[in-house]
Amino acid sequence: MQLKSIVTELCSYQFEKEWFEFKENYENDNELGEYISALANSAAYCARNNAYFVWGINDKTHEIVGTTFNYDRNASHGEPLKHYLERQLSNNVKLDFDELAYDDKRVVILTISAAKSIPVDWNGQRFIRVGSSKEKLSKYPEREVYLFKVLRDGLPTIENTASK
C-alpha cells in the first residue's frame, strides 16, 4: 500500500486504534521505544501485519499539520536513532522510516512489523495499547495470555479452535 493511502486510511478513523499513533513533533527516544513495543504487540493482537507511528498529524483532530521530526538524527545519547531503537528492542521487529509530502506538509511514517512468535519488548519490558493508551502488558494478564496464544496459534478460527 502506498504511503499516502496509508495516511488517508489512518486519518479516516474517528479515533486512534491500538495499531497506530499520531503525533506532531514527538521526540522522546525512550517513550518512542515503548510505543514501538506497544504498537507491534497490538498489531499482532488485532491481526494486522503492521503498526504505524505517524508524525505530522494532530492526534485529536487527525488534521495533517506537518512535522519537523528528523528520523536521521542521533538519539539523545549520540547513537543514530534507528540503531538505538533496534538495539533496545527485542530482535523480532522490523522498522522502516519513510516520509512524504501530503497536502504540501511533511509527514513521517514509521512502519512497525507486528510481533511474531513472542511479544516485542523495550529494554526487557513489554507494552501494549489499550484503546489509544500505551500500557505495560504485565498490567493486563488476560491480554498477555491472549497475545501469546495469537502469536503461537494465530487468531482463533474454526480450524485451530477445539470444538466444545
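What comes next concerns the included structure. (Residues numbered from 1 in each chain as written. Predicted model: local features only at pLDDT ≥ 70, side-chain atom pairs only at ≥ 80, totals over all residues. Heavy atoms only, no water.)

## Things to note about the overall build of the chain
Check the secondary structure of the chain and you find 4 helices and 7 strands. In terms of C-alpha radius of gyration, the chain reaches 16 Å, essentially the compact-globule figure of 15 Å for 164 residues. In the chain, buried positions account for 46% of the 164 residues. Pairs at least 24 residues apart make up 66% of the contacts formed inside the chain by residues separated by at least 6 positions. Accessible area for the chain stands at about 8700 Å²; split by element, carbon and sulfur atoms hold 47% of it. Taken as two groups, the 21 positive and 25 negative side-chain charges of the chain have centres that lie 5 Å from each other. (Helix = DSSP H or I, 4+ residues; strand = E, 2+ residues; numbered from the N terminus. Rg over C-alpha atoms; globule rule 2.2 N^0.38 Å. Buried < 20%, exposed > 50% of the residue type's maximum accessible area, 1.4 Å probe, protein only. Contact = heavy atoms within 4.5 Å. Areas by Shrake-Rupley, 256 points an atom, 1.4 Å probe, with all protein chains shown as cover. Lys, Arg positive; Asp, Glu negative; His and termini not counted. Charge placed at Lys NZ, Arg CZ, Asp CG, Glu CD.)

## Observations concerning the sheet that holds strand E6 (residues 125-130)
With antiparallel pairing, 3 strands are arranged side by side in an open sheet as E5-E6-E7. Edge positions in the sheet fall to strand E5 (121-122) and strand E7 (133-136), since each has one partner strand and no second. Taken together, the 4 bridges between E6 and E7 define a ladder with antiparallel strand orientation. Its bridge partner lying in E7, Val130 is registered against Ser133. Against the sheet, helix H2 (residues 29-45) engages E5, E6 and E7, with an angle of about 65° to E6. (Pairing = 2+ DSSP bridges. Axes fitted to C-alpha atoms, helices over the stretch in contact; angles between N-to-C directions.)

## What to know about unusual backbone geometry
Peptide bonds are, in most cases, trans, and in most cases residues other than glycine have a negative phi. The backbone phi angle of His62 is positive, close to 65°, even though this residue is not glycine. Examined against the element boundaries, His62 turns out to sit in the loop between strand E2 (50-55) and helix H3 (81-88). Phi is positive for Ser117, which is not a glycine, with a value near 70°. Among the structural elements, Ser117 can be located in the loop between strand E4 (105-113) and E5. Taking relative accessible area as the criterion, Ser117 reaches 55% and is therefore assigned exposed.

## Re the packing of aromatic side chains
Evaluation of the coordinates by the stated rule reveals 14 aromatic pairs. Between Tyr71 and Phe97 the ring centres are 5.1 Å apart and the planes differ by 0°, which places this aromatic pair in the stacked class. Taken together, the residues span a long stretch of sequence, with Tyr71 in the loop between E2 and H3 and Phe97 in strand E3 (residues 95-102) at a distance of 26 residues. Like Tyr71, the residue Phe97 is buried in the burial classification. The ring of Tyr26 has Lys23 lying over it, and the distance from NZ or CZ to the ring centre is 5.3 Å. A cation sits over an aromatic face here: Lys134 above Tyr35, 5.2 Å from the ring centre. (Phe/Tyr/Trp six-rings, centres within 6.5 Å; stacked < 30°, edge-to-face > 60°. Lys NZ or Arg CZ within 6 Å of the ring centre and 35° of its normal.)

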